[in-house]
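Listed below are the residues making up each chain.
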Amino acid sequence: FFSCATMMVPQNVPLPTSYTYGDTPPAPRGPATSLAGPLGQSVALVSVGALIVYTCVSALQATGPAPHASQLLATQPVVQTRPAFTSAVPRGPQGKAVRSPTVAAGPTQSLVQASQSAATAPQSVAAASDKVLPFTLLGMAATLVAVPWLLQLFRHRQYTPLRTVTVPLANLPSSSAAGQHLSLAAAARRPFTSNAPRSMALAATPQPAVQEEVQTEWPMNRVRQTFIDYFAKKHEHTFWPTSPVAPLDDPTLLFTNAGMNQFKPLFLGIADPAVHGKLATLTRAVNSQKCIRAGGKHNDLEDVGKDTYHHTFFEMLGNWSFGSYFKKEAIPWAWECLTQDYGLDPSRMYATYFGGDPKDPSVPVDEEARDLWLQFLPEERVIPCGAKDNFWEMGDTGPCGPCTEIHYDRREGRLVPELVNADDPELIEIWNIVFIQFNREDDGQLRPLPAQHVDTGMGFERITSILQNKDSNYDTDIFTPIFEAIQEATGARPYAGKLGEEDPDNIDMAYRVVADHIRTLTFAIADGASPSNEGRGYVLRRVLRRAVRYGQQVLGGKPGFFHQLVPTIVETMKDGFPDIVNRADFVMSIIKDEEFAFNKTLGKGVAHFEKVVNELPADDKTFKAEDAHFLYASLGFPVDLTELMAEERGLVLDREGFAKKMKEEAEISAIAAQQRKLAGGKDLRLGAEQTAHLQQTGVEVTDAGDKYNWHVTPSATVKALFIGVGEGEGGLGFVDVADASTGPVGVVLDASPFYPEAGGQVADTGRLQGPGTMHVENTQIYGGVVLHTGGVPPG
């Protein structure tokens, strides 16, 4: 047995993982020297030889006279075998089970008494001596045949490594007094080749395995589907697919950064079935929206990696009401979904509501939301907050309203309302409900909307971390497969979840950066965006270069590692977003080309950095903001990586100066955007109040049938004149008369042959002729009403 066992186990096999049932499994141990090394193999061969010699001696003894055999036996000590098995549960001084590397127990053995009296022993041996020789010779032959055969078998066979759990006897069913059964807990992994590590469980009693790793009750796909099913099946919401993360038909957005983006026409009251299709008919909707926050007003790019909750790509679970229900339904449904369908502990929850704004006393306290929450939570867990946290606005003007938030404490058994909205990593916001009930006018006043809406959002990554009992979004099954792929692609040490000073080499920060950014790029490119030198393309290029720099500089990946992560993203996310499967090859090709192009210029950036550092005076320890901005804007170096490189050289980056440079750049961009507006700077857009006014005054949807007839000169009647928001009676913008002095004007007709801008179609231009002439420079549609804008010539 020793011979076979030593030849089975290869050299440098890690010790089998073993731990006590009910305890936390120990960390994986490093390699241990195996008996299968050269020394072990030599001992094995010697043992085989000894076995053969012993067999031959036994044969000679068996053929001799009985007295000789009895004399030999008389010299042997009496042997008594106790009830024994190879226990996997060694006991400490107090009888407690301790950890042991023992693989498994031997079979049950019975008490065997081997001692015999000296008087009867010679007779027994002599009587058996005539039968020993044939069996001895047979044993010799079997040994010579079996040992080479076993060696050949075990050298060419593949093994599935086994992991064991040491189970205290008290936790197992009782059995006979002769012994106890110990079960082998085996969790199969992938097969290994003959040169790969193998572990064996010897003499394991076949019993049901004790699972080493219990699958989470809430895998990511179940978390997503539970939310959708709750609103779709229980409350008659329409499942509406996620919109592209790169909104190619909305020039006002770099990326889709919230679930409500695609529903803006409904919130603004301009949804038209002819333009927006079935979306215009929605009254309730639910989905999980893909979102990106990188660049623009909502930019989390530079924060990703530094903590455990910032992402550039994330999912937003959302349900919406477009005039169908409001607060008295939205709040109880959110509570029911969290506490019943997800099973969260109510004693860990807090709710906030809008408690007023000292700077704007005209905005009322949301007492209705407060009273609704008091039906579910005690008063000390219902917290008033100001406008910063609990009043949502789309912009300086437009739809807005109070919101209520649900916060969840990862720690149980405490009451800490003072930590709500205090950036405590353990007490986090998980659900936000916006009640869109006002319109902010140009003069800052609030006017109630004709139809009230509900817009909710729950962070998918956050609720998943809570349900999986993880302290970090990055520890959930949303990210762990990506980390494994990163480790395989770069050869870095495994991800350990460290932050700040505990992560001095920035390895874990780099893991988070690369994992987050490959998700962002995969979905953005799949939805039609691509890295470039302007707009959202420039943002994507920065994201890619940031990930590549971290992957190569910090994790040690070789050029070309990054695009190899795309299949892992596809495999992880395909259940929620199946459309990415068919785009996988395209996404990989784009990232691969961009990745290799960046590596060609990477040397230039490093060279410029080194040049700047070498030219600094010896006593100057500041890396200038101008140089950091040049690396950022011209060479695609993320500023945090520039800062990291500077710190490695003992320098401090001028962050304040860099922020100032970025602000100047943003102001220049804003000025350029302002110059692109229509002359006169008027807001010639029909909002919710304008379309509601037209409906109330009897203006119907514009008849646009003639836009398909090329050889017809239609006639039409002017139904309204619009000179801009904030103008005219009540600030609605409608007037009875307009001329050249009015400036740009919008005209609403009962019928129009002009094709409005929609679906990628450029708006028609032309002229309207009547008693006078108007040059149409733009055509837009709002809620089915076509607005022709342009100037009226003098006279």
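For the structure, see preceding data.
Because the structure is predicted, anything quoted here is derived from the model rather than measured. (Residues numbered from 1 in each chain as written. Predicted model: local features only at pLDDT ≥ 70, side-chain atom pairs only at ≥ 80, totals over all residues. Heavy atoms only, no water.)

Some words on the overall build of the chain
A count of helical and extended segments in the chain gives 20 helices and 19 strands. Per-residue burial over the chain gives 45% buried out of 795 residues. Partitioning the contacts of the chain with sequence separation of at least 6, the portion at a separation of at least 24 is 70%. Just so you have it, the chain exposes about 40,600 Å², and 54% of that area is on carbon and sulfur atoms. (Helix = DSSP H or I, 4+ residues; strand = E, 2+ residues; numbered from the N terminus. Buried < 20%, exposed > 50% of the residue type's maximum accessible area, 1.4 Å probe, protein only. Contact = heavy atoms within 4.5 Å. Areas by Shrake-Rupley, 256 points an atom, 1.4 Å probe, with all protein chains shown as cover.)

Quick word on the pattern of salt bridges
Within the structure shown, the criterion is met by 25 salt bridges. Between Lys234 and Asp341 there is a salt bridge; the shortest N-O distance is 3.1 Å. Here Asp341 lies in helix α8 (residues 327-341) and Lys234 lies in helix α5 (residues 220-234), a separation of 107 residues in the sequence. Classification of Lys234 by relative accessible area gives partly exposed; the value is 45%. By relative accessible area, Asp341 is classed as partly exposed at 22%. Residues Asp505 and Arg493 are paired through a salt bridge, measuring 3.8 Å at the closest nitrogen-oxygen approach. With Asp505 in the loop between α12 (480-490) and α13 (507-526) and Arg493 in the loop between α12 and α13, the pair connects residues that are 12 residues apart, well separated along the chain. Through salt bridges with shared partners, a single ionic network connects Asp409, Arg411, Arg414, Asp424 and Glu426. (Salt bridge = Lys/Arg side-chain N within 4 Å of Asp/Glu carboxyl O.)

As for the nonpolar core
One finds Leu338, Tyr342, Leu344, Trp431, Phe562 and Phe623 to be the most contacted residues of the largest nonpolar core, which totals 114 residues. The element best represented in this core is α13, accounting for 13 residues. Ignoring sequence-local partners within four residues, the contact set of Tyr342 consists of Trp218, Val223, Thr226, Phe227, Leu317, Cys337, Met458 and Leu467. Counting residues in each nonpolar core, the second largest holds 17 residues, with Phe263, Leu282, Ala285 and Cys403 among its members. (Core = buried A, V, L, I, M, F, W, Y, C linked by side-chain atoms within 4.5 Å.)

Some words on the sheet that holds strand β15 (residues 734-735)
Taken together, 6 strands build an open sheet; the order of strands is β15-β14-β16-β19-β18-β17 and the sheet is antiparallel. Strands at the two margins of the open sheet, each flanked by one partner only, are β15 and β17 (766-769). Both β17 and strand β18 (residues 773-782) contribute to a ladder of 4 bridges, which runs antiparallel. Paired with Leu768 across the two strands is Met774, which belongs to β18. (Pairing = 2+ DSSP bridges.)

Thoughts on the packing of aromatic side chains
Per the counting criterion, the structure on display carries 25 aromatic pairs. For the ring pair Tyr325 and Trp333, a centre distance of 4.7 Å and an interplane angle of 65° mean the geometry is edge-to-face. Of the two residues, Tyr325 and Trp333, neither departs from the other in class, the shared state being buried. With a centroid separation of 5.6 Å and 80° between ring planes, the pair formed by Phe483 and Tyr511 is classed as edge-to-face. In this pair, Phe483 sits in helix α12 while Tyr511 sits in helix α13, placing the two residues 28 residues apart along the sequence. A connected cluster of aromatic rings, assembled from ring pairs, spans Tyr474, Phe479, Phe483, Tyr495 and Tyr511. Here the basic side chain of Arg222 rests over the ring of Trp218, its NZ or CZ set 3.7 Å away from the ring centre. Between the NZ or CZ atom of Arg381 and the centre of the ring of Tyr350, over which it lies, the distance is 4.5 Å. (Phe/Tyr/Trp six-rings, centres within 6.5 Å; stacked < 30°, edge-to-face > 60°. Lys NZ or Arg CZ within 6 Å of the ring centre and 35° of its normal.)

Regarding helix α15 (residues 566-573)
Burial of α15 is extensive: 6 of the 8 residues sit out of reach of the surface. Along α15, the positions that sit buried rather than exposed are Val566, Thr568, Ile569, Val570, Thr572 and Met573. Summarising the contacts, the buried residues of α15 are in contact with α5, β5 (313-322), α12, α13 and α16 (584-615).

Focus: the environment of Pro399
For Pro399, the position within the fold is in strand β9 (residues 398-409). For Pro399, a relative accessible area of 3% puts it in the buried group. Along the backbone, Pro399 and Leu446 are 47 residues apart, and their C-alpha atoms lie at a distance of 9.2 Å.

Things to note about the state of the cysteines
Summed over all chains, the structure comprises 0 disulfides. Looking at the unpaired Cys403, the closest cysteine sulfur is the one in Cys385, lying at 9.0 Å. (Disulfide = S-S within 2.5 Å.)

What about unusual backbone geometry?
The backbone of Glu236 sits at a positive phi, close to 55°, despite the residue not being glycine. Relative to the assigned elements, Glu236 resides in the loop between α5 and β3 (238-239). Among the residues examined, Glu236 registers a relative accessible area of 65% and is labelled exposed. Backbone geometry places Asp423, a non-glycine residue, at a positive phi of 60°. Tracing the backbone through its elements, the reader meets Asp423 in the loop between β9 and β10 (427-440). Given the relative accessible area of 72%, Asp423 is considered exposed.

Observations concerning the environment of Ile331
Considering the arrangement of structural elements, one finds Ile331 in helix α8. Note on Ile331: relative accessible area 0%, which makes it buried. Taking C-alpha positions, Ile331 is 8.1 Å from Ile433, a pair spaced 102 residues apart along the chain.

A look at α8
In this model, α8 (15 residues) spans 20 Å end to end at C-alpha, consistent with the 21 Å of a helix rising 1.5 Å per residue. The first or second residue beyond α8 is Gly343, which carries a positive phi of 75°. (Expected span 1.5 Å × (residues − 1).)

Quick word on the packing of α13 against helix α14 (residues 535-554)
Their axes nearest at 9 Å, the elements α13 and α14 cross at an angle of 145°. Of the two possible hands of crossing, α13 and α14 adopt the one that is left-handed. Within the contact between the two elements, α13 uses Ile507, Met509, Ala510, Val513, Val514, His517, Thr520, Leu521 and Ala524 and α14 uses Leu540, Val543, Leu544, Arg546, Ala547, Tyr550, Gly551 and Val554. Class assignment of the residues belonging to the contact of α13 with α14 gives a composition of 13 nonpolar, 3 polar and 1 charged. (Axes fitted to C-alpha atoms, helices over the stretch in contact; angles between N-to-C directions. Left-handed = near helix turned anticlockwise from the far one by under 90°. Nonpolar A, V, L, I, M, F, W, Y, C, P; charged D, E, K, R; others polar.)

Without other data, these values stay purely geometric and don't point to any function.
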